[in-house]
Amino acid sequence: MATTHNITTTYAGKASSPYLRAALLSGKSLASGAIDIKDNIQFKEVLQVLTSDANLIKPGTCDFDPTGTLTTTEVVLEPKEFQVNLEVCAKNFRSSWESLQMSGIKSGIPKQFGDFILEHVVQKTSDALETAIWSNTTSSTNIPFDGFETLAAANSDVVDVSASSVTAANVTTEIGKVVDAIPTAVYGKENLYIYVPTAIYQKYVRALGGFGASGLGAAGIEDKGHTWYTGQQEIFFDGIKVLHCPGMTATKMIASTTDNMIFGSSLYSELNNCSVLDMSSIDGSQNARVILRGSAGVALGIGSEVVLYS
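Quick look at the structure, then. Keep in mind that this is a model prediction, so the values were computed, not measured.

1. So, the sheet that holds strand β13 (residues 307-309)
Thinking step 1. The six strands lie next to each other as β5-β13-β9-β6-β8-β7, forming an open sheet whose pairing is mixed. Looking at strand neighbours, the two that pair on one side only are β5 (159-161) and β7 (235-237), the edges of this open sheet. In this sheet, adjacent strand axes meet at a mean angle of 25° when their direction is disregarded.
Thinking step 2. Of the strand pairs in this sheet, strand β9 (residues 253-257) and β13 are connected by three bridges, and their pairing is antiparallel. When the bridges of β13 are listed, A255 appears paired with V307.
Thinking step 3. Seen against the sheet, helix α5 (residues 198-208) touches β6 (192-196), β7, β8 (240-244) and β9 and runs at an angle of roughly 85° to β7.

Here is the structure:
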């Protein structure tokens, strides 16, 4: 199916202002350092998980007396390939604002548009991955793999916490339920995070601005009220970093260490590598092709060390 390029213009012979586009989600989750990224996976990678029982350590004796049980299981990380293939015709731009950037009937697409579309495709891909790594399923039409939320819901070892309707008045109570469910062996780990969606993150920021139900008094943090947050600060709850993940489902939260949250790709840099191919010298057409290819997938490590609020 060919790319459809709808152009609405009031062209009057002068160059236009810079291009605008609809707002996109940021690829904040992968860029945060709070997800373990495995690179150079060409097909699949098998992750070995080793556990031991309570008999590993015993009272000392003079003899060597082997006890305990070691269990090795596997987690398979299989990134799925995806692609972006667009085709635009240079002829369409000669009757629009970009015509002054073009010289002659053989000229390719305008450079300004070419640069913009490259950036747009990369950001759109980042936007899609931000959502996919959390709520995707194998039946998803763009990148068919199960996201973290899907994997956690299907894993019987994951610690489940029942969700309630979260408001600014009860958000600290609800996040507290997640913290209370964190296994003792995991609590206090340096790489432990609470992953939250935009809706819950917003309510927590507002609660920290201060009102009676938050326990901070009317003036909030440092008596700054709702001006305390500038969008740059790291936010913590009981000493655990709260990470804003725009792609998460609005009603869910996850607590885990970073080594249990695994993302894989054939080559991570490919996700930011988009190219424009001028077809005029290849097939004599006036088309240009925009190409991005990559692969992505996620895996959940030790389920018993993960908390899912849903």
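Moving on from the coordinates now.
2. Considering the nonpolar core
Within soluble globular proteins, side chains that are nonpolar generally end up buried alongside one another.
Thinking step 1. Ranked by internal contacts, the top residues of the largest apolar core, which has 34 residues, are I133, W134, F148, Y195 and I254.
Thinking step 2. Going through the elements one at a time, β4 (80-89), α2 (111-135), α3 (148-154), β6, β10 (261-264) and β12 (287-300) are the ones with two or more residues in this core.
Thinking step 3. With seven residues, α2 is the largest single contributor of residues to this core.
Thinking step 4. Apart from the residues within four sequence positions on either side, I133 is in contact with S29, L30, I35, F145, G147, F148, F263 and V298.

3. A short note on the environment of K177
Thinking step 1. By the element assignment, K177 lies in helix α4 (residues 171-181).
Thinking step 2. On a C-alpha basis, the gap between K177 and V161 in space is 7.3 Å, while along the polypeptide they are 16 residues apart.
Thinking step 3. K177 has contacts with V161 and S164, leaving out every residue within four places of it along the chain.

4. Quick word on the packing of α4 against α5
Thinking step 1. Packing of α4 against α5 leaves a shortest axis separation of 9 Å and a crossing angle of 120°. One way to sum up the angle between α4 and α5 is to call them oblique. Residues V171, T172 and I175 of α4 touch α5, and the partners they reach there are I200, K203, Y204 and A207.
Thinking step 2. The residue makeup of the contact of α4 with α5, split by class, is five nonpolar, one polar and one charged.

5. Here's the deal with the packing of aromatic side chains
Thinking step 1. Under the criterion given, the structure shown has four aromatic pairs.
Thinking step 2. K28 extends its terminal NZ or CZ atom over the ring of Y201, reaching a point 5.7 Å from the ring centre.

6. Concerning the pairing of β12
Thinking step 1. With 11 of 14 residues buried, β12 lies mostly within the body of the structure.
Thinking step 2. Where β4 meets β12, 10 bridges bridge the pair, whose relative direction is antiparallel. Following the sheet pairing, V84 is matched in β12 by L292.
Thinking step 3. Pairing of β10 with β12, which is carried by four bridges, proceeds in the antiparallel orientation.

7. Brief notes about α5
Thinking step 1. Among the residues of α5, those classed as buried are I200, Y201, Y204, V205, A207 and L208. Within α5, the buried residues cover an arc of 160° as seen down the axis, which keeps them to one side.
Thinking step 2. Contacts made by the buried residues of α5 are with α4, β6, β7, β8 and β9.

Cut-offs applied
- Residues numbered from 1 in each chain as written.
- Predicted model: local features only at pLDDT ≥ 70, side-chain atom pairs only at ≥ 80, totals over all residues.
- Heavy atoms only, no water.
- Pairing = 2+ DSSP bridges.
- Helix = DSSP H or I, 4+ residues; strand = E, 2+ residues; numbered from the N terminus.
- Axes fitted to C-alpha atoms, helices over the stretch in contact; angles between N-to-C directions.
- Contact = heavy atoms within 4.5 Å.
- Core = buried A, V, L, I, M, F, W, Y, C linked by side-chain atoms within 4.5 Å.
- Buried < 20%, exposed > 50% of the residue type's maximum accessible area, 1.4 Å probe, protein only.
- Parallel < 35°, antiparallel > 145°, perpendicular 65-115°, else oblique.
- Nonpolar A, V, L, I, M, F, W, Y, C, P; charged D, E, K, R; others polar.
- Phe/Tyr/Trp six-rings, centres within 6.5 Å; stacked < 30°, edge-to-face > 60°.
- Lys NZ or Arg CZ within 6 Å of the ring centre and 35° of its normal.
- Arc of directions from axis to C-beta.

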